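Letter by letter, the chains look like this.
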Amino acid sequence: MVAITLPDGSVRSYPGPVTGLDVARDIGPGLAKAALAIRVDGAMKDLATTLDRDTNLAIVTAKDGADALELLRHDAAHIMAEAVKELYPETQVTIGPAIENGFYYDFARPVPFTPEDLEKIEARMKEIVDRDEAITREEWDRDEAVRFFDSLGEKYKAEIIASIPAGQPIGLYRQGQFIDLCRGPHLPSTAKLGKAFKLMKLAGAYWRGDSRNEMLQRIYGTAWFDKKDLEAYLHMLEEAEKRDHRRLGREMNLFHQQEEAVGSVFWHPKGWTLYRAVESYMRKRLDANGYVEVKTPQLVDYSLWEASGHADKFSESMFTVRTQDERHLAVKPMNCPCHVQIYRQGIKSYRDLPLRMAEFGSCHRYEPSGALHGIMRVRAFTQDDAHIFCTEDQITAETIAFCELLKTVYTDFGFTEVRVKFSDRPEKRAGSDEVWDKAEGALKQAAEAAGLEMTLNPGEGAFYGPKLEFVLKDTIGRDWQCGTLQVDFVLPERLDAAYTAEDGSRKRPVMLHRAILGSFERFLGILIEHHAGRFPLWLAPTQVVVATIVSDVDGFAEEAVKALRAAGLRAEADLRNEKINKKVAEHSQAKVPVLLVVGRREAENGQVAMRRLGSPDQEIVALDQAVAKLTAESAPPG
RNA sequence: GCUGCCGUAGCUCAGUCGGUAGAGCAUACCCUUGGUAAGGGUAAGGUCGAUGGUUCGAUUCCAUUCGGCAGCACCA
């Protein structure tokens, strides 16, 4: 007897072993048709899995959300591999997992795939779906499987299987003529994939993710249960493209980039206004939180970078300069060594600590060309950097205070969801293991005291110390790592920073490296995409446009702009010889938050018709009232 | 950096199976003074990313190079 307990608590008994499909059939023909897989005591298994003892069972159908989609996408990857092998038999298959929103498969083939090949592959996949091939699992002996794939010329598969411990049975899945190593589970048949999938793009990817290995060809696709879901996803991609900061930067005249200054930003007046709004907000927050601001040199003799350890661990990313008189300089990639130089001026006492030294530090790093991305990943950027020189005892309090400041700032910019990662010692590092033990312990303890929930990010720390990384989520669900807090016992030692302790002894301060925005360039890019260019009033480069209906009222419109500007608002007049329809359309598209329309009626009464971005409503108010209202609304937080 | 794709007017794009190019928007000027998402007309605007090669002739074909895009690797 086998007793199967279903999720609703009901129990079904069978005289002998049954498969998941048998149980589904027993419950009802509709369920049997919809069944994709089963969950046995929590673990996903094939529908055909034999159940020979009492167990908890759930039938997985398309309604099961993420689990079901993962199955579907994994199958899509296999069906794509089958299609590729049919069309291009000389291709070797490697791996093909389900990923967020879709799947990919990496192929080894001497000839590159073309976009036309993608269409052919997609068409063949649809044929395979129509063929309704059963997907069945087989168990093989490992060495036999290695020999089998070797004989097919599938050396990558053979390599993967050979790396599985001997003696373990190997699960292979067969569908039609195609057989592949796979952990499973899979759908019962290729027909279950349906037609709501699409091959998206072609890209290179290193074998086993290592840049020393050969480059494979990766095909990405997306797959859904329903055509509607597919269309919704494609539509979402289009929307994301519309908020791309590179596109909005051009359309809104915020900045541009050009090949004579690769990896740098030309900020236009409007973009720079935005930048300054962010900067002055940050400066105000830092002032209020006990930071002092400094400015340090761009070009620094290479010897300082040798002393700090950057020459050793970071030289590939540094721009260096040799002058005519043979001096060797580097453009600073970080601000920390310079801040230590300021710290070292004069003798420091424990009474001076904690010393919170901030700089909007302009840095240059020679990033690999393939890493550059708009203003999000550049070679010239400005960090909202600060170093807190403190005693070991002060680490916890400083960490707590920093976390609070960070939260306030993110909230003010409209980000509410923040994750924290803890990154510990990397392979390439400075400082002894004892120092690292101490630094990691101190940071972990401080983070716990600050009440942070963290995930571990092993080996991702800076070369001089462990770090906390703060990752925020934007409106369309993407993650951005911005803030960081790093504990550093190494640099104060290497650069000889010291203070006189209470007992008169000479001690080393600890340095906390910290940033909230990360880099202004990147953060502004994130802000642009997060708000899709529709900035809150306090950030909008142009806050108000006064648009006239007839030229008779030009004088009043200019007066209105003058009044708005006198109140500190960023206002412009639109006196052009154009119809109001066109003016409304253009300023709406330029994402100006407030439009004040002035016609004869308004001008005669000293009024304006106020129209907010995104709403067709208008509100007729006296000019001075409008100024007062907008002034209050546009005040930056804090 | 690696793989693939791409580079035509300020922007978005069409085009030339090798005979030096066109549209819409934007710009300038003219007409229009119009009440809440694009009024009409005229004009101007291009070394077809750069260099080299093949050719009678190259924006088009080939090579190199620079830049961009996507992904991979990188993000200390």
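S.K.: Mind showing me how you'd approach the overall build of chain A here?
M.R.: Looking only at helices and strands, chain A features 20 helices and 35 strands. Overall, chain A is about 85 × 80 × 55 Å in size when its C-alpha atoms are taken along their principal axes. The buried share of chain A, taken over its 638 residues, is 50%. In chain A, once contacts between residues fewer than 6 apart in sequence are set aside, the share between residues at least 24 apart is 68%. Total accessible area on chain A stands at roughly 30500 Å², and carbon and sulfur atoms take up 49% of it. Here chain A contributes 83 positive and 98 negative side-chain charges, whose respective centroids are spaced 3 Å apart.

S.K.: Even after reading the chapter, I still don't get unusual backbone geometry, so can you show me in this structure?
M.R.: Both trends apply: most residues other than glycine have a negative phi, and most peptide bonds are in trans. Geometrically, the link from Leu353 to Pro354 is a cis peptide bond, its omega value of -5 degrees lying close to zero. With respect to the helices and strands, Pro354 occurs in the loop between helix H12 (336-343) and strand E22 (355-364). You will see that Asn101, though not glycine, has its phi angle at about 70 degrees, which is positive. Exposure remark for Asn101: the relative accessible area of 23% places this residue in the partly exposed category. In this model, Glu326 sits at a positive phi of 70 degrees, which is unusual for a non-glycine residue. With respect to the helices and strands, the residue Glu326 is situated in the loop between strand E20 (320-322) and strand E21 (328-331).

S.K.: What is the right way to look at the pairing of strand E34 (residues 607-612) in this model?
M.R.: Every other side chain in a regular strand lies on the same face of the sheet, so the side chains alternate between the two faces. The pairing of strand E33 (residues 594-598) with E34 spans four bridges and is classified as antiparallel. Paired with Val594 across the strands is Arg612, a residue of E34. The loop that links E34 with its antiparallel partner strand E35 (residues 618-622) comprises five residues; one of these, Gly614, has a positive phi angle of about 90 degrees.

S.K.: What is the right way to look at the packing of helix H5 (residues 142-151) against helix H6 (residues 155-162) in this model?
M.R.: Between two packed helices, the angle of one axis relative to the other and the distance separating the axes together describe the packing. Running from amino to carboxyl end, H5 crosses H6 at an angle of 170 degrees, the nearest separation of the two axes being 8 Å. In terms of axis orientation, H5 runs roughly antiparallel to H6. Viewed along their axes, H5 and H6 form a crossing whose handedness is left-handed. Residues Arg142, Ala145, Val146, Phe149 and Asp150 of H5 pack against Lys157, Ala158, Ile161 and Ala162 of H6. When the residues that make up the contact of H5 with H6 are grouped by side-chain class, the tally is six nonpolar, no polar and three charged.

S.K.: Could you clarify how one ought to interpret the nonpolar core in this entry?
M.R.: Grouped burial of nonpolar side chains is what soluble globular proteins tend to show. Formed by 63 residues in total, the largest nonpolar core has its most connected members in Phe413 and Phe470. When residues no more than four places from it in sequence are discounted, the contact partners of Phe413 are Val278, Tyr281, Met282, Leu517, Phe523, Leu527, His530, His531, Trp538 and Leu539. Counting 36 residues, the second-largest nonpolar core is a separate cluster that includes Leu69, Leu72, Phe103 and Ile128.

S.K.: Before we go on, may I ask you to explain the side chain of Lys467 in this structure?
M.R.: Along the chain, Lys467 falls in strand E26 (residues 467-473). When its relative accessible area of 15% is taken as the criterion, Lys467 is described as buried. At 3.2 Å, the side chain of Lys467 forms a polar contact with the side chain of Glu469. Beyond its immediate sequence surroundings of up to four residues, Lys467 is in contact with Lys421, Phe422, Ser423, Leu443, Glu460, Gly461, Ala462, Thr484, Leu485 and Gln486.

S.K.: Mind showing me how you'd approach the protein's contact with RNA strand B here?
M.R.: Looking at RNA strand B, there are 50 residues lining it, with Phe314, Ser369, Ile549, Asn577 and Gln589 nearest. In RNA strand B, atoms within 4 Å of the protein come from the sugar-phosphate backbone in 51% of cases. Put simply, the parts of the chain that give the surface near RNA strand B at least two residues each are strand E14 (197-206), strand E15 (215-223), helix H8 (245-251), helix H18 (580-589), helix H19 (600-605) and E34. The biggest single contributor to the surface near RNA strand B is H18, with seven residues.

S.K.: Explain the state of the cysteines to me, please; I cannot follow it from the model alone.
M.R.: Here a disulfide denotes a covalent bond joining the sulfur atom of one cysteine to the sulfur atom of another. This structure, assessed with the given rule, holds zero disulfides. Cys336 provides the cysteine sulfur closest to Cys338, a residue in no disulfide bond, and the two sulfurs are 8.6 Å apart. Taking relative accessible area as the criterion, Cys338 reaches 5% and is therefore assigned buried.

S.K.: I would appreciate a short explanation of helix H7 (residues 227-242) in the present structure.
M.R.: Counting along an α-helix, one turn takes 3.6 residues, and residues three or four places apart therefore face a common direction. Between its first and last C-alpha atoms H7 spans 23 Å; for 16 residues at 1.5 Å apiece the expected length is 22 Å, and the two agree. Buried residues of H7: Leu230, Tyr233 and Ala240, and no others. The arc that holds the buried residues of H7, viewed along the axis, is 80 degrees, so those residues lie on one side. Elements that come into contact with the buried residues of H7 comprise E14 and E15. One side-chain oxygen at the N-terminal end of H7 lies 3.0 Å from the backbone nitrogen of Lys228; it belongs to Asp226.

What counts and how
Residues numbered from 1 in each chain as written. Chains lettered and ligands numbered in written order. Predicted model: local features only at pLDDT ≥ 70, side-chain atom pairs only at ≥ 80, totals over all residues. Heavy atoms only, no water. Helix = DSSP H or I, 4+ residues; strand = E, 2+ residues; numbered from the N terminus. Buried < 20%, exposed > 50% of the residue type's maximum accessible area, 1.4 Å probe, protein only. Contact = heavy atoms within 4.5 Å. Areas by Shrake-Rupley, 256 points an atom, 1.4 Å probe, with all protein chains shown as cover. Lys, Arg positive; Asp, Glu negative; His and termini not counted. Charge placed at Lys NZ, Arg CZ, Asp CG, Glu CD. Pairing = 2+ DSSP bridges. Axes fitted to C-alpha atoms, helices over the stretch in contact; angles between N-to-C directions. Parallel < 35°, antiparallel > 145°, perpendicular 65-115°, else oblique. Left-handed = near helix turned anticlockwise from the far one by under 90°. Nonpolar A, V, L, I, M, F, W, Y, C, P; charged D, E, K, R; others polar. Core = buried A, V, L, I, M, F, W, Y, C linked by side-chain atoms within 4.5 Å. Polar contact = N/O pair within 3.5 Å; in protein donor to acceptor, adjacent residues only side chain to side chain. Near = heavy atom within 4 Å. Disulfide = S-S within 2.5 Å. Expected span 1.5 Å × (residues − 1). Arc of directions from axis to C-beta.

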